[in-house]
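Understanding the architecture of this molecule
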Amino acid sequence: MFGFANGLLLLLLAAAVIDFAPVVRRRLPPASWWNDERLLFTPRGGDLRQKYGAWSFLLGVMVYEFIVVFNNSMARENCPWLQTRVSPVLDWVMYLCFGFKILLGTKYNGRSMVCAGLLYFVARWVYFNGQNIWWLGLCVALLAAKDVPLRRVMKAFLACGVPTLALVELLHFAGIIAPDAASERNGSYRLMFGYGHPNTFGGVMFGLLLAWVLLRRARLTWPELVGVAAVGVFLMVGPKSRSAALCTFLLVLLLALAKLRTRRGLHPGGRPLAALCAATVPVLAAVSYILPLFVVKIGPWANDIGPGWLKKLDDLLTCRISLAWAAYRVFDIKIAGQMLPDWPALDNIFVYLLYLTGPVMVVLVCALMMAALYGYARRGQWQAVACLLVMLAYGYMESQVTHLTSDPALLLLCGARSDRDLIRTGEQRALVEGVFDVGEAAFPALAEYGVEPEDGELFLTRTLTADGRSGARINARAVPLSVLRAVAAGLVTVHGQQDTQSIRSEPEQLAMLDGYAANAAVR
């Protein structure tokens, strides 16, 4: 996606130059350029461009939702080609739909063009450092959403998300997708409903619930609010996704207050109330950054902290505070972000964005959230305000607002599909190497692939060339990519919410059983 990111930036720059040319030639007053909206490049076909631009954006939203709900379910364990072949194609379809809407189907004035250009420039800069494809997708989607009615977007979101989730659950309960998968926490088992982690299912459900609330908004009835509360009870009891459940209950409370405030019609908020709503963003950010400073370590485990009140709060928030404390001691803050390792897992969105995207993007994101909260409160759209406040609360406990991706270098060592965009601009090839210490117990398994360690070490090498070719070597000997993938599978485990499912594979189960019975030599 590096090519897309650069291409969109260049096209936006070219559009800005063409759009500003009449001002330079004194054919358009600067005030008109700054305030009057118009399509980029040329005004020709304006109605058709806006019509099909909106449809293009809605298609992109539906593709995005399908990728998240279905391709990121455990269906990818049954059908690996969903991730290796289908997802890359769908990613390009999604980005092209958003790009078409941004460049050809959206009206801009000078003010909005400057804001969009600066936001995307920083987002692309951050993406090149952090290499989080979902972060880039979120920023592009925000730019493409301009001028598309919210109701149409939510209808498209639900039209794809609900049937896709129903399909995942149908396959799950039919015994096809992860029928017996469960997660354990504090001695109790949590159902995962066809996903790699209970919180993933909780996040999908919570997102669909928010979309439905935004679709209904002022028309919400009291029985429907009871139904929303019932969803929260299900999330607490079924997958035991505490963050999604607590935020659902908070959503019910805020929607009830909004309904009482608007029972006699639209009730715009005054400036103090709107400012109070907007202030929740910096307040929550400050709490996220300051609370870990009070942590006192009293034991070896990550959540062995004091004082007592902070320990109780940390347990309620499932270690969000103690993990942020660990991040303060492990990571450095980079101005434009960085790629993050697997530990410590940063589920607080403010801390996560600080390290992944850097302080510049954190300030921009907080400013956008504050402006949105202030504007909706001033217009009296309290249901939208409730949803934004709940999303802030959810972000305090989960970073699913942006989707984590794996370190591409590590995936290449594990035999992941190559991508020429990973080669640095101007270079003809890329080389990734890894050295692994292996014990004697692994020698028989390696011998099945004709691999013999040298002094107990394995040297894995993967090369990529600009013409699309790739090579794999183990101890300087050329091997097929399938052999590199099989050998690396026993050496590396990618720790992510949905990447720790090797225990479900038949070879892994047989190996565990033979290890318990001490009869590995018989095999």
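Use the structure listed above.
What you see is a predicted model, and the numbers here were worked out from it, not measured in a lab. Starting from 1, residues in each chain are numbered consecutively following that chain's sequence as written. The model is predicted, so local features are restricted to residues of pLDDT at least 70 and side-chain atom pairs to those at 80 or more, both for listing and for counting; the totals for chains, interfaces and linings are taken over all residues. Side-chain metrics rest on all non-hydrogen atoms present in the structure, leaving aside hydrogens and water.

**Looking at the overall build of the protein chain**
A count of helices and strands for the protein chain gives 21 helices and 10 strands. Expressed as a percentage of its 523 residues, the buried residues of the protein chain come to 45%. Here the accessible surface of atoms and residues is derived via Shrake-Rupley with a 1.4 Å probe, and residues count as covered only by protein chains that are part of the display. Just so you have it, the protein chain exposes about 26,600 Å², and 64% of that area is on carbon and sulfur atoms. Elements are defined by DSSP. Helices are runs of H or I of four residues or more, strands are runs of E of two residues or more, and each kind is numbered from the N terminus. A 1.4 Å probe rolled over the protein chains alone gives each residue an accessible area, and that area as a share of the maximum for its type sets the label: buried under 20%, exposed over 50%, partly exposed in between.

**Section: the nonpolar core**
The definition of a nonpolar core used throughout is a set of buried Ala, Val, Leu, Ile, Met, Phe, Trp, Tyr and Cys residues joined through side-chain atoms within 4.5 Å. Counting 117 residues, the largest nonpolar core has Tyr120, Val140 and Leu251 as the members making the most contacts within it. At 12 residues, helix α17 (residues 382-397) tops the list of elements feeding residues into this core. Contact criterion: two residues are considered in contact whenever any of their non-hydrogen atoms come within 4.5 Å of each other. For Tyr120, the contacting residues outside a window of four places in its chain are Phe4, Ala5, Leu8, Leu9, Leu12, Leu136, Val140 and Leu143. Within the second largest apolar cluster, 12 residues are counted, among which are Phe436, Leu460, Val479 and Val487.

**Some points on unusual backbone geometry**
Cis geometry is adopted by the peptide bond preceding Pro307, which originates at Gly306 and carries an omega value of -5°. Along the chain, Pro307 falls in the loop between β6 (305-306) and α13 (308-316). Although it is not a glycine, Asp147 adopts a positive phi angle of roughly 75°. Relative to the assigned elements, Asp147 resides in the loop between α7 (133-144) and α8 (150-173). Residues other than glycine seldom take positive phi values, yet Lys240 does so here, at roughly 55°. Relative to the assigned elements, Lys240 resides in the loop between α10 (222-237) and α11 (242-261).

**Some words on helix α6 (residues 110-130)**
Take the residue count of a helix, subtract one, and multiply by 1.5 Å to get its expected span. The terminal C-alpha atoms of α6, which comprises 21 residues, lie 30 Å apart, in line with the 30 Å expected from a rise of 1.5 Å per residue. Regarding α6, the residues found buried are Gly110, Ser112, Met113, Ala116, Leu119, Tyr120, Val122, Ala123, Arg124, Val126, Tyr127 and Gly130.

**Some thoughts on the environment of Asp304**
Mapping Asp304 onto the fold places it in the loop between β5 (296-297) and β6. On a C-alpha basis, the gap between Asp304 and Cys319 in space is 9.8 Å, while along the polypeptide they are 15 residues apart.

**Looking at the side chain of Asp347**
Among the secondary structure elements, Asp347 is positioned in the loop between α14 (320-330) and α15 (349-356). According to the relative accessible area criterion, Asp347 is buried, its value standing at 15%. In this view, Asp347 contacts Arg320, Gly395, Tyr396, Met397, Glu398 and Ser399; residues no more than four positions away in its chain are not counted.

**Here we look at a nonpolar patch on the surface**
Among the surface-exposed residues, Leu11, Ile18, Phe41, Leu48, Tyr52, Trp55, Phe100 and Leu104 lie close enough to one another that they form a single nonpolar patch of about 750 Å² accessible area. At three residues, helix α3 (residues 46-71) tops the list of elements feeding residues into the nonpolar patch. Considering the arrangement of structural elements, one finds Leu48 in helix α3. Judged by relative accessible area, Leu48 falls into the exposed class, the value being 52%. Note that patches include only residues with greater than 30% relative accessible area and no salt bridge, and the join distances are 9 Å for like charges and 5 Å for nonpolar side chains (Val, Leu, Ile, Met, Phe, Trp, Tyr). The term salt bridge refers to a pairing of a side-chain nitrogen on Lys or Arg with a carboxyl oxygen on Asp or Glu at a separation within 4 Å.

**Some remarks on the environment of Val23**
Tracing the chain through its elements places Val23 in helix α1 (residues 2-24). On the basis of relative accessibility, which here comes to 13%, the residue Val23 falls in the buried class. Spatially, the C-alpha atom of Val23 lies 7.4 Å from that of Trp33, the residues being 10 residues apart in sequence. Discounting chain neighbours no more than four positions away, the residues touching Val23 are Leu28, Pro30 and Trp33.

**Things to note about the side chain of Arg320**
Among the structural elements, Arg320 can be located in helix α14. When its relative accessible area of 9% is taken as the criterion, Arg320 is described as buried. Within the structure, the side chain of Arg320 is placed 2.8 Å from the side chain of Glu398, a separation counted as a polar contact. In contact with Arg320, other than residues within four places in its own chain, are Asp314, Asp347, Tyr396, Met397 and Glu398. Each polar contact in these results corresponds to two N or O atoms within 3.5 Å; when the atoms are within protein, one needs to be able to donate a hydrogen and the other to accept it, and residues that are neighboring in sequence are counted only if both atoms are side-chain atoms.

**Structural notes on the packing of aromatic side chains**
Only the six-membered ring of Trp is used, alongside the rings of Phe and Tyr, when aromatic pairs are assigned; centres must lie within 6.5 Å, and planes under 30 degrees apart are stacked while those over 60 apart are edge-to-face, with the rest tilted. Under the defined criterion, the tally for this structure stands at 13 aromatic pairs. Seen from their ring centres, Trp33 and Trp34 are 6.1 Å apart, and the 40° between their planes marks the pair as tilted. Placement of a positive charge over a ring is assigned whenever Lys NZ or Arg CZ falls within 6 Å of the ring centre and within 35 degrees of the normal to the ring plane. It is Arg152 that lies over the ring of Trp55; its NZ or CZ is 5.1 Å from the centre. For Arg379, the ring lying beneath its charged end belongs to Tyr376, and the centroid distance is 5.0 Å.

**Some points on the pattern of salt bridges**
For the structure on display, the rule yields seven salt bridges. In this structure, Arg38 engages Asp19 in a salt bridge whose closest nitrogen and oxygen atoms are separated by 3.0 Å. You can see Arg38 sitting in strand β1 (residues 38-39) and its partner Asp19 sitting in helix α1, a full 19 residues away along the chain. When sorted by exposure, Arg38 lands in the same class as Asp19, which is buried. By sharing partners, the salt bridges in this structure join Glu37, Lys146 and Asp147 into a single network.

**Focus on the packing of helix α16 (residues 359-378) against α17**
Two quantities define a packed helix pair, namely the angle between the helix axes and the distance between the axes. Where α16 meets α17, the closest approach of the two axes is 8 Å, and the angle between their N-to-C directions is 155°. Viewed along their axes, α16 and α17 adopt a mutual orientation that is roughly antiparallel. At the point where α16 passes α17, the crossing takes the left-handed sense. Counted together, Met369, Ala372, Leu373, Tyr376 and Ala377 of α16 and Trp382, Ala384, Val385, Leu388, Leu389 and Leu392 of α17 form the full contact between these two elements. Three categories are distinguished: nonpolar for Ala, Val, Leu, Ile, Met, Phe, Trp, Tyr, Cys and Pro, charged for Asp, Glu, Lys and Arg, and polar for the others, with Gly belonging to the last. Of the residues that constitute the contact of α16 with α17, the class distribution is 11 nonpolar, no polar and no charged. Axis definition: a line fit to C-alpha positions, over the contact stretch in the case of helices; interaxial angles, taken between N-to-C directions, run 0 to 180 degrees. Oblique is the label for any angle not covered by the other classes, which are roughly parallel (under 35 degrees), roughly antiparallel (over 145) and roughly perpendicular (65 to 115). Should the near helix be turned anticlockwise from the far one by less than a right angle, the crossing is termed left-handed; should it be turned clockwise, right-handed.

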